[in-house]
Amino acid sequence: MINDTFGDDGMKKGKFIVFEGLDGSGKGTQTALLEKHIKQSGGKVYLTAEPTIFSTGGMIRDALGGFTDRDAYELSAMFLTDRIFHNINKKSGIRKYLDAGIDVICDRYYYSSFAYQGIDADLDWVMDMNLNCREIAKPDLCIFLDVDTELCDKRIAENRFEREIYENKDAQSRIRRRFFEVFDKLRDSENICIIDASRSVEEISDDIIKIYEKIRNTNDCVDIK
Ligand code: TYD
């Protein structure tokens, strides 16, 4: 994994923070609030998302929208390709920002591949190819915004004109269960923080900022369970 605290030149790297959650869990709102907090407190931050805006991300969007049929193995490989490019591309890759000491906030990352593609494809295979790919940076922190599937479904119904392939109640409850199974498997190796996201936007954001401040200047793991 490439994400050590210091780069080869001895410079302090940025923190890599990933937000995860079901569709409609409020990631967009909370990533923006953390970005604002980092900027206001004098830090530098780059906000990004997966699937990306690059050509690989476009192919994925076609599949998610139901325009092209892809099976879970194809989708896993497409997300992997998209993620590698997201990490290493020279212009705006995650690695470039982290090496320059800039924090990176990413809306979804490999945990989504485990939970979404992992409901149909072989979970160990999906995990293995992401976790053992040296080009894919390991996050310093994963914040999981936990909301029950009923509330997510209500939010999806209110905000979406068309539903994507995973945006139905049955898939969302299987995905939520998968997220928890995966977090259990990764308990000792990844820094995952599960947040009750059914509370007010301010309460959730306050918690996230506290957790971020704990990891900001240290490499210690936060006690998150
Ligand atoms: P989402 O993050 O909700 O963004 P938007 O608001 O643009 O819909 O949607 C991305 C979808 O992609 C979501 O349903 C989860 C899915 N996804 C995967 O299935 N695997 C992955 O590895 C990633 C990153 C996302």
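Just so you know, the residues in each chain are numbered from 1, in the order the chain's sequence is written. The predicted origin of the model limits local features to residues at a pLDDT of at least 70 and limits the giving and counting of side-chain atom pairs to 80 or more, whereas totals for whole chains, interfaces and linings rest on all residues. Side-chain measures here rest on the full set of heavy atoms in the structure, leaving out hydrogens and waters.

The subject of this paragraph is the overall build of the protein. A tally of helices and strands in the protein yields nine helices and five strands. Secondary structure elements are taken from DSSP: a helix is a run of H or I of four residues or more, a strand is a run of E of two residues or more, and numbering for both begins at the N terminus. The order of α-helices and β-strands along the protein, N terminus first, is β-α-β-α-α-α-β-α-α-β-α-α-β-α. In the protein, which comprises 225 residues, the proportion classed as buried is 52%. Long-range contacts, defined as pairs at least 24 residues apart, comprise 78% of the intrachain contacts of the protein with a sequence gap of at least 6. All accessible-area figures derive from a Shrake-Rupley calculation using a 1.4 Å probe, and residue coverage is judged against the displayed protein chains alone. Only carbon and sulfur atoms are counted for the fraction: they give 49% of the accessible area of the protein, which is about 11000 Å². Think of it this way: Lys and Arg go in the positive column, Asp and Glu in the negative one, and His and the chain ends go nowhere. Taken as the charge location is NZ of Lys, CZ of Arg, CG of Asp or CD of Glu. For the protein, the separation between the mean place of its 33 positive charges and that of its 42 negative charges on side chains is 4 Å. Only protein chains enter the area calculation, which uses a 1.4 Å probe; residues under 20% of their type maximum are buried, those over 50% are exposed, and those in between are partly exposed. Residues are treated as being in contact if the distance between any of their heavy atoms lies within 4.5 Å.

On the basis of which strands lie adjacent, the open sheet formed by five strands has the order 2-3-1-4-5 and parallel pairing. At either end of the open sheet lies a strand with only one pairing partner, and these are strand 2 (45-49) and strand 5 (192-196). Across the sheet, the mean angle separating the axes of adjacent strands is 20 degrees when strand polarity is ignored. Being paired, for any two strands, means DSSP has found at least two bridges between them. Of the strand pairs in this sheet, strand 2 and strand 3 (residues 103-107) are connected by five bridges, and their pairing is parallel. Residue pairing across strands places Thr48 opposite Cys106, the latter belonging to strand 3. Note on method: axes are straight lines fitted to C-alpha atoms, helices fitted across the in-contact stretch only, with angles between N-to-C directions ranging 0 to 180 degrees.

Attention now goes to the pattern of salt bridges. Any Lys or Arg side-chain nitrogen found within 4 Å of a carboxyl oxygen on Asp or Glu counts as a salt bridge. Within the structure shown, the criterion is met by 21 salt bridges. Between Arg108 and Glu20 there is a salt bridge, with the nearest N and O atoms lying 3.9 Å from each other. With Arg108 in the loop between strand 3 and helix 5 (110-116) and Glu20 in strand 1 (residues 16-21), the pair connects residues that are 88 residues apart, well separated along the chain. Note on accessibility: Arg108 and Glu20 belong to one class, buried. The closest approach of N and O atoms between Glu135 and Arg95, which form a salt bridge, is 2.9 Å. One end of the pair, Glu135, is in the loop between helix 6 (123-131) and strand 4 (141-146); the other, Arg95, is in helix 4 (residues 94-99), with 40 residues separating them in the sequence. By relative accessible area, which is 22% here, Glu135 ends up partly exposed. Overall, Arg95 belongs to the partly exposed group, its relative accessible area being 24%. A cluster of three or more residues bridged by salt bridges with shared partners is formed by Glu20, Asp23 and Arg108.

Another aspect to go through is the environment of Glu162. On the secondary structure map, Glu162 appears in the loop between helix 7 (149-159) and helix 8 (169-185). Relative accessible area serves as the criterion here: at 59%, Glu162 is assigned to the exposed category.

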